[in-house]
Amino acid sequence: MSTGTDTTPLVVPPVAPATAPTAAVRSPARPTPPAQPAPDRPAGRAAAVGASTLRRLGSALLRSAAIIALLAVWEAAPRLGLVDATFLPPVSEVARAWWELLGDGQLAEHTQASLVRSFGGFAIAVALAVPLGLLIGWYRPVAVLLGPLLEVFRNTAALALLPVFVLLLGIGETSKVSIVVYACVWPILLNTISAVGNADPTLVKLARSMDLSTPRLFQKVILPASVPAIFTGIRLAGAVSILVLVAAEMIGAKAGLGYLINASQFNFAIPQMYAGIVTISAIGVAFNQLLVTVERRLSLWRVPA
């Protein structure tokens, strides 16, 4: 039995640190990205328009590259002594002469006279040749009857008959318009006959099986299918109408681009002569583009290849 003081140290168990009550741990919220500005639609449209404009300018430049090269050669050749400037003046002198003719009214007077004759004869030829071509192309007996006569006249040059027209109709406006009509009829007539003959027979049989009358058949099948070939003839006739008229005006006329060219040659006004030639070329190009536009408007039903 122990009587002394107990010196054994008192061991106190470690006390666990107080813990906070369990709580749901939340992750810090992610910062919201700043709102992207809406695309600038007007700027996008402007860029698209600008790109389209550049493409069109590039295409126009490519199409006109040959013309620009021709004008550059025309300007340089006389100045470098490659050709005689007396007979082929630089294009700048021709442009100056053209501007002078335009300023004093001579160019407008001669151009108006030629356009009235040319477009008048051209319109009469279209009004005659298209219906006649449809008739000949559709009705076989008519083609057999008129075929030999058409072959004779279509192989007779219009300018070869010009003295005949002058003798029969005089040297006035009637003979000039008539020679234009004669020259323009044949390309339109022959292309119209060919177009009707080459119409798709399957479409024709299908239309007949639907009991379409002949006028409706022409309206719905023959005419739409014939438009491209007919307009090929019309475009050829448009060029012929100007060329034949110029030749006719050189023989007997007091006004017109042909008269201007002929008179300038006789008076040795060479720049004025070339100005008249350039004017005829510009009218021909513009008239052809007009006919192409009309053809496209009438051929909207066609599916592009």
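Placed above this text is the structure.
The structure presented is a predicted model; accordingly, all values stated were derived computationally and were not measured.

Reading the values: rules and limits
Once a new chain begins, its residue numbering starts again from 1 and follows that chain's sequence as written. This being a predicted model, a pLDDT of at least 70 is required before a residue's local features are given, and a value of 80 or more before pairs of side-chain atoms are given or counted; all residues contribute to the totals for chains, interfaces and linings. As a convention, hydrogens and water are excluded, and side-chain values are obtained from all of the structure's heavy atoms. Here a pair means two rings of Phe, Tyr or Trp (six-membered ring of Trp) with centres within 6.5 Å. Their orientation is stacked below 30 degrees between planes, edge-to-face above 60, and tilted elsewhere. Think of a nonpolar core as a cluster: buried Ala, Val, Leu, Ile, Met, Phe, Trp, Tyr and Cys residues, connected wherever their side-chain atoms sit within 4.5 Å. For each residue, the accessible area found with a 1.4 Å probe, counting protein chains only, is set against the maximum for its type, and the residue is called buried under 20%, exposed over 50%, and partly exposed in between. The helix count covers DSSP runs of H or I at least four residues long, the strand count covers runs of E at least two residues long, and both are numbered beginning at the N terminus. Here, residues are in contact when the closest pair of their heavy atoms is within 4.5 Å. Every patch collects residues that have over 30% relative accessible area and no salt bridge, joining them within 9 Å if they carry like charges and within 5 Å if they are nonpolar side chains (Val, Leu, Ile, Met, Phe, Trp, Tyr). In this description, accessible areas are obtained by the Shrake-Rupley approach with a 1.4 Å probe, and a residue is regarded as covered only by the protein chains that are shown. We define a salt bridge as a side-chain nitrogen of Lys or Arg found within 4 Å of a carboxyl oxygen belonging to Asp or Glu. Working rule for helices: expected span equals 1.5 Å times residues minus one. Note on definitions: the grid is 1 Å and covers protein atoms alone; a cavity is a set of points where a 1.4 Å probe fits but cannot get out; a pocket is an open set with protein on both sides within 12 Å along at least five of seven lines; lining residues have an atom within 4 Å of a point. Grid points are joined across faces, edges and corners, and a volume is the space filled by probe spheres set on the points. Gly falls in the polar group here, along with every residue not listed as nonpolar (Ala, Val, Leu, Ile, Met, Phe, Trp, Tyr, Cys, Pro) or charged (Asp, Glu, Lys, Arg). Each axis is a line fitted through C-alpha atoms, and for a helix only the stretch in contact is used; angles between axes span 0 to 180 degrees, taken between their N-to-C directions. Oblique is the label for any angle not covered by the other classes, which are roughly parallel (under 35 degrees), roughly antiparallel (over 145) and roughly perpendicular (65 to 115). Definitions for this section: a left-handed crossing has its near helix turned counterclockwise from the far helix by less than a right angle. A right-handed crossing has that turn clockwise. This arc is built from the directions going out from the helix axis to the C-beta atoms.

## Notes on the packing of aromatic side chains
Per the counting criterion, the structure on display carries six aromatic pairs. Ring pairing ties together the aromatic residues Phe119, Phe122 and Phe287, which thus form one cluster.

## Some details on the nonpolar core
If you look at the biggest cluster of nonpolar residues, it comprises 39 residues, and the most contacted ones within it are Phe122, Ile179, Val185, Ile188, Leu189, Ile222 and Ile234. Going through the elements one at a time, α4 (106-138), α6 (162-169), α7 (173-197), α8 (201-209), α9 (214-251) and α11 (270-298) are the ones with two or more residues in this core. Sequence-distant contacts of Val185, that is, excluding residues within four places in its chain, are made with Ala125 and Ala129. Membership of the second largest hydrophobic core comes to 15 residues, among which are Trp74, Ile270, Met273 and Ile280.

## Digging into a nonpolar patch on the surface
On the surface, a cluster of nonpolar side chains totalling about 430 Å² of accessible area is made up of Val164, Leu167, Leu168 and Leu169. Residue position: Leu168 is located in helix α6. When its relative accessible area of 69% is taken as the criterion, Leu168 is described as exposed.

## Topic: α11
Between its first and last C-alpha atoms α11 spans 43 Å; for 29 residues at 1.5 Å apiece the expected length is 42 Å, and the two agree. Those residues of α11 that fall on the buried side of the exposure criterion are Ile270, Met273, Tyr274, Ala275, Gly276, Thr279, Ile280, Ile283, Phe287, Leu291, Val292 and Glu295. Next to the buried residues of α11 lie α2 (65-79), α3 (91-103), α4, α9 and α10 (257-266).

## Digging into the side chain of Ser226
Considering the arrangement of structural elements, one finds Ser226 in helix α9. Those residues in contact with Ser226 that lie beyond four places of it in its chain are Ala195 and Val196.

## Some points on the layout of surface pockets
What the largest pocket holds in volume is close to 300 Å³. In terms of lining, the largest pocket is formed by 13 residues, of which the most central are Leu71, Trp74, Val91, Val94 and Val278. No other element matches α11, which puts five residues into the lining of the largest pocket. Residue classes in the lining of the largest pocket are distributed as 12 nonpolar, one polar and no charged. Estimates place the volume of the second largest pocket at around 160 Å³. Lining the second largest pocket, in full, are Leu128, Ala129, Leu132, Leu149, Leu150, Phe153, Tyr182, Val185, Trp186 and Leu189. The leading source of residues in the lining of the second largest pocket is α7, at four residues. Looking at the lining of the second largest pocket residue by residue, the classes come out as 10 nonpolar, no polar and no charged.

## Looking at the environment of Phe119
Structurally, Phe119 is set in helix α4. Accessibility expressed as a relative area gives 32% for Phe119, which makes it partly exposed.

## Side note on the packing of α4 against α11
The contact between α4 and α11 brings their axes to 12 Å, and the two run at 40°. With respect to their mutual orientation, α4 and α11 come out oblique. Crossing of α4 over α11 shows right-handed handedness. Taking contact as the criterion, the partners of Leu107, Thr111, Leu115, Phe119 and Phe122 in α4 are, on α11, Thr279, Ile283, Phe287 and Leu291. Here the residues of the contact of α4 with α11 are counted per class, giving seven nonpolar, two polar and no charged.

## Section: α3
The end-to-end C-alpha separation of α3 is 18 Å, in line with the 18 Å expected for 13 residues at 1.5 Å each. Listed as buried for α3 are Val94, Ala97 and Leu101. Burial along α3 is one-sided: seen end-on, the buried residues are contained in an arc of 60°. Exposed and oriented more than 90 degrees from the buried face of α3 are Trp99 and Gly103.

## Topic: empty space enclosed by the protein
Here the structure, examined in full by the defined rule, presents one cavity of 30 Å³ or more. Elements with a contribution of two residues or more to the lining of the largest cavity: α4, α9 and α11. Here the element with the most residues in the lining of the largest cavity is α4; it accounts for four residues. For the lining of the largest cavity, a count of residues per class yields eight nonpolar, two polar and no charged.

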